[in-house]
Amino acid sequence: MSRTKKFITKANNSITDFREKAKKPREPITTKSSLFSIISWAFYDLGNTIFSILIVSFYFTLWVLNDDIGGTDSDYAYANAISMALVFLTAPIIGALSDQANRRMPFLFYTTLLCVGFTALLGYKKEGWDNSTTLYYSLLFFIIANYFYQAGLIFYDSTLATISTPGNRGRIGGIGVGIGYIGSLVGVVAGYYLIETLGFPLQAIFQATAMLFLIFAIPCFIFVKETPKDSFWPGLMVIMILLALLNVYLIEDFSSGFNISTISILMFTVCIFCLYGYFSTPTTPLFKEGSISTAVSGTFGQLRETLSMLDDFPGLGRFLLGRVFYTDAANTATAFAAIYVSEEFGMTTADITKYMFLGIISSIVSGFLWGYLVDIVGPKITLNMVLWVWFATFGLLISTVWLGLPGWMIWLAPFLAGIALGGTWCADRPYMLVLTPPRYIGQFYGLYSMVGRFATIIGPLSWGLIVDGLNLGRPAAMAFLFIVMAIGYVILQGVDDKPREWAPEHLADYEPEPPRGSIGRSR
């Protein structure tokens, strides 16, 4: 049989298999959690996507390169790389710590709160600061905000197992991605309205982003329950304390002395009651052993075992290695998209908003479709298809500049990129869960984040080096990302996505049997 006939036969068999799987009844998405809890979980994706699109990918990058500020590609690239380096160094510890805990939601709450706080400070200019000083402090605030945003994703990604089962995980993940990109739509529309209609400066976007992120994250904190005794009230007390202290700061003029007003005394009283509520509210103990010191020491014990365990779970190490490359290309391209079309094609802020709008719409629609595809054909085939869409996107962005293709063709790129970006996370997270034993989800999600962030250190650094260091231009930097993603594609071909049969000691609720005689019996 010729190679052509073999290929046609294999393709026909794949199509037949796809149709058979599509006909099989699928497990309802509400098997483990209510629809309301699932939507509440997905709303966090909506909020953090607003941060990602407006700060990491769009307005903050444009603000750095703004003529009034005078920043460069390298300024933003190095700040991004530093924040990713911090995540790279701490992600395994954060993931292992979450495995030592009964709940991951408190960690998600506090990382989100810190991200929101430092996001609100972006673009802050104190009296007497020149533009370079303002840029320096804003880049510092960006490093901190982006670090806590990325750290929060470790906890958020691992909570997918809390609300889903293997039979509906792809669709629930797809719901999260689809609703998440609605957040991009909300963010871009809000940004366009603030700047183009109301005439606010770019800095106003940063405060709006912080507010929207917090608002959409709150339903996840309240309605996604990891244990029956979960309570959001302690977290709410923390928010109230911070708001009360903020009111004191805004009301009082401490430059003329510490003359406290009646309202400030009232705010301090609120803080005292909130502290009492925080410590007195009954809830599930955060750490299994009930001690933070015990949990931290257990964390380092886990870390020593993590790399040695990697070979015990087939395909997991190779998947993580491949993820270094394809997430590098995807995240770097997303982060520098606004700079690329602004500098290479002369797009205005309004043009870039429309450009991003096309990508967001395709992301929303494709997020739901990719999720169904994951449940039908599995995450491996789905991710392969996604990476081919990325190849087409990079090829279009590069050839439009180097080959002088018609300018209108660049408007196809956001459509393809939106499809690819939505599919990347729809297939990526379920793929990781297939390969990961339930008992070590948090720990290996720390490594999952670690390898992705390691790649995202290399991506911005290489972009800055190629564009500003070697002066090869932005299309050359985009070509480098194409090669990086191709390497990741080749590595992933050796990883299958067949369901694993885990040993009892690898299950989440496993407790070892006590030795004979340990409960009072003689040996």
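Described in the following lines is the structure provided in the data block. Predicted model, so just to flag it, every value in this text is computed and none were measured. (Residues numbered from 1 in each chain as written. Predicted model: local features only at pLDDT ≥ 70, side-chain atom pairs only at ≥ 80, totals over all residues. Heavy atoms only, no water.)

Considerations on the packing of aromatic side chains
Rules: Between the rings of Phe, Tyr and Trp (Trp by its six-membered ring), a pair exists once the centres lie within 6.5 Å; its type follows the angle of the planes, with under 30 degrees stacked, over 60 edge-to-face, and the other angles tilted. Secondary structure counts use DSSP, requiring at least four H or I residues in a row for a helix and at least two E residues in a row for a strand, with both numbered from the N terminus. Throughout, exposure labels follow a simple rule: accessible area from a 1.4 Å probe, protein chains only, divided by the maximum for the residue type, with under 20% read as buried, over 50% as exposed, and the rest as partly exposed. Distance and angle both matter: a charge sits over a ring if NZ of Lys or CZ of Arg is within 6 Å of the ring centre and within 35 degrees of the ring normal.
Under the criterion given, the structure shown has 35 aromatic pairs. Residues Tyr 76 and Phe 336 carry aromatic rings whose centres are separated by 5.5 Å and whose planes lie at 75° to one another, so their mutual orientation is edge-to-face. Of the two residues, Tyr 76 is situated in helix α4 (residues 73-99) and Phe 336 in the loop between α13 (316-335) and α14 (337-345); the sequence distance between them amounts to 260 residues. Judged by its relative accessible area of 0%, Tyr 76 falls in the buried class. Taking 5.7 Å as the distance between ring centres and 25° as the angle between the ring planes, the aromatic pair formed by Trp 390 and Phe 394 counts as stacked. Residue Trp 390 and its partner Phe 394 are located together in helix α16 (residues 379-402), separated by 4 residues, close to a single helical turn. With respect to burial, Trp 390 and Phe 394 carry one shared label: buried. The structure contains a cluster of three or more aromatic residues connected by ring pairs, namely Trp 41, Tyr 44, Phe 51, Phe 109, Tyr 110, Tyr 149, Tyr 156, Phe 213 and Phe 221. Note that Arg 323 overlies the ring of Tyr 448, its terminal NZ or CZ placed 3.6 Å from the centroid.

Focus: the packing of helix α5 (residues 105-120) against helix α6 (residues 131-158)
Heads up, the rule is: Axes here refer to lines fitted to C-alpha atoms; in helices the fit is confined to the stretch in contact. Angles between the N-to-C directions go from 0 to 180 degrees. What sets the label is the angle itself: under 35 degrees gives roughly parallel, over 145 gives roughly antiparallel, 65 to 115 gives roughly perpendicular, and the rest give oblique. The hand of a helix crossing depends on one turn: near helix anticlockwise from the far one by less than a right angle means left-handed, and clockwise means right-handed. Two residues qualify as a contact provided that any one of their heavy atoms is within 4.5 Å of a heavy atom in the partner residue.
Contact geometry of α5 with α6 gives a least axis separation of 8 Å together with a crossing angle of 160°. Viewed along their axes, α5 and α6 adopt a mutual orientation that is roughly antiparallel. Every pair of crossing elements has a handedness; the one defined by α5 and α6 is left-handed. Facing α5, whose interface residues are Phe 107, Leu 108, Thr 111, Leu 114, Cys 115, Phe 118 and Thr 119, α6 presents Phe 141, Ile 144, Ala 145, Phe 148, Tyr 149, Ala 151, Gly 152, Phe 155 and Tyr 156.

Points about the side chain of Arg 429
The line we're drawing: We define a polar contact as two N or O atoms separated by no more than 3.5 Å, with the added condition that, inside protein, one atom must be a possible hydrogen donor and the other a possible acceptor, whereas residues neighbouring each other in sequence contribute only through side-chain atom pairs.
Structurally, the position occupied by Arg 429 is in helix α17 (residues 413-435). By relative accessible area, Arg 429 is classed as buried at 6%. A polar contact of 3.4 Å, which involves the side chain of Arg 429, links it to the side chain of Asp 45. Beyond its immediate chain neighbours, meaning those up to four positions away, Arg 429 contacts Asp 45, Tyr 156, Asp 157, Leu 160, Gly 173, Val 177, Tyr 445 and Tyr 448.

A word on the side chain of Arg 323
Within the element layout of this structure, Arg 323 appears in helix α13. Overall, Arg 323 belongs to the buried group, its relative accessible area being 3%. When residues no more than four places from it in sequence are discounted, the contact partners of Arg 323 are Asp 328, Trp 425, Asp 428, Tyr 448, Val 451 and Gly 452.

Observations concerning the pattern of salt bridges
The condition is simple: Whenever a carboxyl oxygen of Asp or Glu lies within 4 Å of a side-chain nitrogen of Lys or Arg, that contact is scored as a salt bridge.
Tallied over the full model, the rule gives 4 salt bridges. A salt bridge links Asp 73 to Arg 474, with the shortest nitrogen-to-oxygen separation between them at 3.0 Å. Here Asp 73 is found in helix α4, whereas its partner Arg 474 is found in helix α19 (residues 474-492), with 401 residues between them in sequence. Take Asp 73 and Arg 474: they sit in the same class, and that class is buried. Here Asp 428 ties to Arg 323 by a salt bridge, and the two come within 3.1 Å at their closest N and O atoms. Residue Asp 428 is located in helix α17, and its partner Arg 323 is located in helix α13; the two are separated by 105 residues in the primary sequence. One salt-bridge network, in which partners are shared between bridges, spans Asp 73, Glu 344 and Arg 474.

Concerning the environment of Tyr 137
Here Tyr 137 shows up in helix α6. When the C-alpha positions of Tyr 137 and Tyr 124 are compared, they lie 8.1 Å apart, and in sequence the two are 13 residues distant.

A short note on the environment of Phe 142
Of note, Phe 142 is situated in helix α6. When its relative accessible area of 0% is taken as the criterion, Phe 142 is described as buried. Considering only alpha carbons, one finds Phe 142 and Gly 123, 19 residues apart in sequence, at a separation of 9.6 Å. If we ignore the near neighbours within four places in the chain, the residues touching Phe 142 are Ile 55, Val 56, Phe 60, Tyr 76, Ala 79, Asn 80 and Leu 122.

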